[in-house]
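Architecture at a glance
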Amino acid sequence: MKLIFTILLGTFMLCAGVPLRDSGNAMAQARPKAGNKSARRYTCPMHPEVVSTRAGKCPKCGMTLRLVKDTSLPSAASNNEPELATQQTGSTRLNIPDTPVLDQNGKRLNFYTDLVKGKTVAINFIFTTCTAICPPLTATFRRLQVELGEHAGRDVELISISVDPTIDVPERLQAFAVKFKAGPGWTFVTGDKSEIDTLLKALGAATADKNDHTPLVLIGNERAGYWTRVYGLSPPATLAKILAETANQK
Amino acid sequence: MISSSHIVGKQASPKCPALFVFLLISLFLSAGAFAKATLQEPLSPQEKRGKQIYVQGTSASRNEILAYLGEASLEVPGSTMACANCHGLDGQGKPEGSINPSNLTWDSLTKPYGVTLSSGRKHPPYTERGLELAITRGVDPGGNRLPNVMPRYQMSGVDMSDLIAYLKRLGKDRDPGISEINIVIGTVVPTSDALAEMGKAIKAVSIAFFEELNTQGGIYNRRFELRFVETGDTPENTRGRVERFLKDEQVFAMTGAFVAGADKEIVALMEKRQVPLIGPLTLYPQIGFPLNRQVFYLLSGLDGQARALVEFAANQQPTKISSLAIVSPESEANRSLIGAVKDQASKHGMNSVENYVYVTAPLDVDEIAAKVQQKGQETIIFLGTGEAALAFMKKAERLHWSPSLYLFSANAGREVFDAPLSFNHKIFVSFPTLPADQTAEGVREFRALAEKYKLPSNHIVAQLSAYSAAKILVEGLKRAGKDVSREKLITALESLNRFDTGLTPRISYGPNRRIGATGAYVVSIDLEKKQYVPTKEWVDIN
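What you see as residue numbers is a count from 1 along each chain, following the sequence as written. The lettering of chains begins at A and the numbering of ligands begins at 1, in the order of writing. Local features in this predicted model are restricted to residues whose pLDDT is 70 or higher, and side-chain atom pairs enter the listing and the counts only when it is 80 or higher, whereas totals over whole chains, interfaces and linings include all residues.

1. Some remarks on the overall build of chain B
Numbering of helices and strands runs from the N terminus; a helix is a DSSP stretch of H or I covering at least four residues, while a strand is a stretch of E covering at least two. Counting secondary structure elements, chain B contains 17 helices and 19 strands. With respect to the principal axes defined by its C-alpha atoms, chain B has extents near 90 × 85 × 40 Å. Our exposure labels follow a C-beta count within 10 Å of each residue's own C-beta, placed from the backbone: buried means 20 or more other C-beta atoms, exposed means 12 or fewer, and partly exposed covers the counts in between. Per-residue burial over chain B gives 39% buried out of 542 residues. Contact between two residues is assigned whenever their backbone-derived C-beta positions fall within 7 Å. Long-range pairs, those at least 24 residues apart, make up 63% of the contacts in chain B with a sequence separation of at least 6.

Following this line, the structure appears as structure tokens:
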């Protein structure tokens, strides 16, 4: 199931014209599940018309062919509104570094051990001096938190990572959290710039200019090793649904 | 009779140069007056209400304004997604994170031949009705749906007309106190008996500084106009006066204001009215989060100096100290200082800092000295007056004990030079600036100004502070460019990095930084020669 998600959504992303840069690593890490008996097909990430039954290189561009399996699109991604379409890519593994970070209360945490390990998480990327894209992203998270109810903080952890850690000191994150009425189970993360940069790179959310940061949300179930990236301005109900599905991954 | 015919005769002559000049001048004058009138036409009450909706997303009549995002599935207060957040205070649009908000200036919205956006979307010119549909339904006049990231808003009909009235002025609307030809700067001066002389000195130096700048040509063709407001008897009174002043005088920004005593009230007012204030004269800068963006301080207040003293003490050689004590008079004002000392000490692993409070000096001070000695403390941050510190040291001498004593220069005068010799080189005093900061050029410039404008020879510290504040303001205005706004001024000031006023430590600001020189010099005292031991050691606490 995970694999299907991975490949199909990857293809979906390609069709939607989303650059592969962000999802490339995640897709490269996709592994076929042991004991999978269905027929295997391989295709080129850049040339979907190239299909082979054996692994190898693409005759057109030389890229390594990737494994594909057919199935129908999962319901969560079947939104027909192109701009709000949930653009996802899944991965069975994402190496999350145990970066030392600070939360909005100035408390020292280790990103992987304290926030992600064994949990289902939704991670977005913000900075507090951003006025255009971050308020809607954050308002969406706030709504998501409300919809999650008592699950927030118990089974599901919401995380907002600052892409501008130099300016976003914990006090600023705290004020930002208060402004958006963030409750328990929603952690705002900042820290040393080079450390946070490494973390952002690992999560596929690094940009040279903070103003170029993309409105994506990384949703994952660390226990199941399942990860997916969705459009951060999708309706909160859609995000909640994806979160629930992610939490149920085994 | 003769003179009148003389005049008539002159007027009758068409070739008379005087008349010609007169006519030309009156022509210029009227044209100038006209230009000034159009440029400075203030926003109407309706446009002002509209501006509040545009900038803050709230209604002046307290009606609800709601924003709906993502197919109306997410409802938030309008204040979360005010128009200006994305479209900018100038209406030009601020591209960010894959979205490209469109230009909302009226000229751009109503181009007679229609609008083609970079996304390829085309639409005929907007009308008032068209705008209303775009704002409430998310449809442009071409029938295209606006991108989903543009929320749909729900507001009352009155609020909608207010907003549209303001949109017609958007981008052409200047902040108060600025026109093509002038810029109004305000300052607060004290007038009470004890401070009247200081007030006069601040006034004189400010007038001289801006007058000199005007004779040199002003900035970007604008001349400075300076306005003063006097402090009141109480902080509340001062606040009321300044609030009326900002309203009546249409001040663009404030500089070097004397706010001591009304620190909290005045800076809160600046935040409320969104008026930048540069270099207020105070020992208590308000720099907590959420940050007051409007106010830029020159030097560390007592809070920053307390941190610098702890930092200096903690790094004393040869052995690092492991604990310290605070001795303070009973006072509400000291609470934040004690907090600052404890916080800074905790950064050096000193987590159990004790505070000893005395009510009256020297009586209680003697008792406390004995107590602190018993605890074996050798490092004392002394927040009281110089006299109290002196009493403390005299008692300590009687106890054959001579710990290191750390004081603020604002508290400790020359009386501490009479301390027992056992405290030689054991008294340390914080200075937010020292004469060593003054460069030859800075001093020459100030002296030339003082001479030319016959500035008073007293209250030099207050004068230098007001002068440096004005210099920083002018640097900010230069960097903000010709189309300056208050917001642009703030952004420009935030970019100052080690700016040299010539009279203070170098000044830096940033999005989180509102103190130009964070830290202090810590100077020890040679009690034999009765003088400070010169130092160049700056303790930075940034």
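2. Overview of the overall build of chain A
Helices and strands together make up the secondary structure of chain A, namely seven helices and eleven strands. Intrachain contacts of chain A at a sequence separation of at least 6 include 67% that bridge at least 24 residues.

3. Comments concerning the pairing of strand β7 (residues 223–230) of chain B
Should DSSP find at least two bridges between two strands, the strands are regarded as paired. In this sheet, β7(B) lies alongside strand β6 (residues 182–189) of chain B in parallel orientation, the contact comprising eight bridges. Bridge pairing in β7(B) places B:Val188 opposite B:Val229.

4. Comments concerning the confidence of the model for chain A
Detail in the predicted coordinates should be disregarded across regions flagged by low pLDDT. Residue and element names in this part refer to chain A. In predicted models, pLDDT denotes the confidence assigned by the predictor to each residue on a 0 to 100 scale. On average, residues of chain A score 75 in pLDDT, and 69% of them reach the 70 mark or higher. The low-confidence segment residues 1–38 (pLDDT under 50) makes 62 contacts with residues lying over four places distant or belonging to another chain. Taken together, the stretch residues 70–89 has pLDDT below 50 and engages in 52 contacts with residues farther than four places along the chain or on a different chain.

5. Topic: the interface of chain A and chain B
Tallying the contact residues gives 29 residues for chain A and 23 residues for chain B. Within the residue set of the side of chain A that touches chain B, elements represented by two or more residues are α4 (134–148), α5 (170–179) and α7 (236–247) of chain A. Tallying contributions element by element places α4(A) first for the side of chain A that touches chain B, with five residues. Each residue receives one of three labels: charged for Asp, Glu, Lys and Arg, nonpolar for Ala, Val, Leu, Ile, Met, Phe, Trp, Tyr, Cys and Pro, and polar for the others, Gly being one of them. In terms of residue class, the side of chain A that touches chain B is made up of 15 nonpolar, eight polar and six charged.

6. Quick look at the packing of helix α9 (residues 235–249) of chain B against helix α10 (residues 263–273) of chain B
Residues and elements named next belong to chain B. With axes taken as lines fitted to C-alpha atoms, and helix axes fitted only over the stretch in contact, angles between N-to-C directions fall between 0 and 180 degrees. It is at 9 Å that the axes of α9 and α10 come closest, and there the two elements cross at 30°. Considered as vectors, α9 and α10 are oriented roughly parallel to each other. Read as a crossing pair, α9 and α10 show a hand that is right-handed. From α9, Pro235, Glu236, Thr238, Arg239, Val242, Glu243 and Leu246 reach across to α10, where they touch Glu265, Ile266, Leu269 and Arg273. Residues belonging to the contact of α9 with α10 are distributed by class as follows: five nonpolar, one polar and five charged. Note that the term roughly parallel is reserved for angles under 35 degrees, roughly antiparallel for angles over 145, roughly perpendicular for angles of 65 to 115, and oblique for everything else. Should the near helix be turned anticlockwise from the far one by less than a right angle, the crossing is termed left-handed; should it be turned clockwise, right-handed.

7. A word on the sheet that holds strand β5 (residues 152–154) of chain B
Here three strands make up an open sheet; going across it, the order is β2-β1-β5 (chain B) and the pairing antiparallel. The sheet is open, and its two edges are formed by β2 (74–77) and β5 of chain B, each paired on a single side. Pairwise comparison of adjacent strand axes, ignoring direction, gives a mean angle of 30° for this sheet. Two strands pair when backbone bridges link them, and strand β1 (residues 66–69) of chain B and β2(B) are joined in this way by four bridges, in the antiparallel orientation. Bridge pairing in β2(B) places B:Leu69 opposite B:Leu74. On top of the sheet, α4(A) reaches β1 and β2 of chain B; it is set at about 115° to β2(B), its chief contact.

8. Describing the nonpolar core
In this usage, the nonpolar core is the set of buried Ala, Val, Leu, Ile, Met, Phe, Trp, Tyr and Cys residues whose C-beta atoms join them within 7 Å. Counting 83 residues, the largest nonpolar core has A:Ala122, A:Ile123, A:Val217, A:Leu239, A:Leu243 and B:Tyr54 as the members making the most contacts within it. At six residues, the largest contribution of residues to this core is made by α4(A). In this view, A:Val217 contacts A:Ala122, A:Ile123, A:Asn124, A:Val230, A:Gly232 and A:Leu239; residues no more than four positions away in its chain are not counted. Counting 58 residues, the second-largest nonpolar core is a separate cluster that includes B:Ala262, B:Ile278, B:Leu298 and B:Ala470.

9. Focus on the sheet that holds strand β8 (residues 253–255) of chain B
Residue and element names in this part refer to chain B. The six strands lie next to each other as β7-β6-β8-β9-β10-β16, forming an open sheet whose pairing is parallel. If you trace the sheet from one side to the other, it starts and ends with β7 and β16 (515–517), each paired once. In this fold helix α8 (residues 196–215) packs onto β6 and β7, with an angle of close to 170° to the strand it touches most, β7. Sitting on the sheet, helix α16 (residues 460–480) is in contact with β8, β9 (277–278) and β10 (295–299), with an inclination near 145° to β8.

10. Quick notes on helix α11 (residues 302–314) of chain B
Residues separated by three or four positions in an α-helix point in the same direction, a consequence of the helix having 3.6 residues per turn. Residues and elements named next belong to chain B. Its 13 residues place the ends of α11 18 Å apart at the C-alpha level, agreeing with the 18 Å of an ideal helix rising 1.5 Å per residue. Of all the 13 residues making up α11, eleven are buried; the element is thus mostly covered by neighbouring parts of the structure. Listing the buried residues of α11 in full gives Leu302, Asp303, Gly304, Gln305, Ala306, Arg307, Ala308, Leu309, Val310, Phe312 and Ala313. To estimate how far a helix should reach, multiply one less than its number of residues by 1.5 Å.

11. Looking at the pairing of β10(B)
All names here are of chain B. Among the five residues of β10, five are classified as buried, and the element is accordingly described as predominantly covered. Pairing of β10 with β16, which is carried by two bridges, proceeds in the parallel orientation. Bridge pairing in β16 places Tyr297 opposite Ile515.

12. Here we look at the environment of B:Ile427
Residue and element names in this part refer to chain B. With respect to the element layout, Ile427 can be found in strand β15 (residues 427–431). Between the alpha carbons of Ile427 and Gln46 there is a distance of 62 Å; along the sequence they are 381 residues apart. Residues contacting Ile427, with those up to four places away along its chain left out, are Leu405, Leu407, Val416, Ala419, Ser524 and Ile525.

13. Some points on the confidence of the model for chain B
All names here are of chain B. Confidence in the prediction for chain B averages 88 pLDDT; 92% of positions are at 70 or higher. Scored below 50 in pLDDT, residues 1–15 makes four contacts in the model with residues more than four places away or belonging to other chains. pLDDT under 50 marks residues 23–39. Its contacts with residues more than four places away, or in other chains, come to four contacts. Overall fold confidence (pTM) sits at 0.78, and the ipTM for the predicted complex is 0.76.

14. Focus on the environment of B:Leu383
Residue and element names in this part refer to chain B. Mapped onto the elements of the fold, Leu383 is located in the loop between β13 (379–382) and α14 (386–398). Sequence separation of Leu383 and Leu195 is 188 residues, and the distance between their C-alpha atoms is 24 Å. What Leu383 contacts, discounting residues up to four positions off in sequence, is Ile326, Val327, Ser328, Pro329, Asn334 and Leu337.

15. Regarding unusual backbone geometry
Residue and element names in this part refer to chain B. Residue Pro290 is reached from Phe289 by a cis peptide bond, and omega for that bond is -5°. One non-glycine residue with positive phi stands out, namely Asn221, at about 70°. Summarising the element assignment, Asn221 is placed in the loop between α8 and β7. Despite not being glycine, His400 has its phi angle at roughly 55°, a positive value. Among the secondary structure elements, His400 is positioned in the loop between α14 and β14 (404–408).

16. Thoughts on α5(A)
Residue and element names in this part refer to chain A. Within α5, the full set of buried residues consists of Pro170, Arg172, Leu173, Phe176 and Ala177. With its buried residues spanning 155° around the axis, α5 presents them on a single face. For α5, the elements touching its buried residues are β5 (100–102), β8 (156–162) and β9 (186–189). Taken from the residues just after α5, Lys181 is the one with a positive phi, measuring 55°. By definition, the arc is the one covered by directions from the helix axis to the C-beta atoms.

17. Looking at the packing of α11(B) against helix α12 (residues 335–346) of chain B
Residues and elements named next belong to chain B. Put simply, α11 and α12 touch, their axes get as near as 9 Å, and they point 30° apart. Considering the relative orientation of α11 and α12, their crossing is right-handed. Contact residues: α11 offers Leu302, Asp303, Ala306, Arg307, Val310 and Glu311, while α12 offers Ser336, Leu337, Ala340, Val341, Gln344 and Ala345. Along the lines of polarity and charge, the residues of the contact of α11 with α12 split into seven nonpolar, two polar and three charged.

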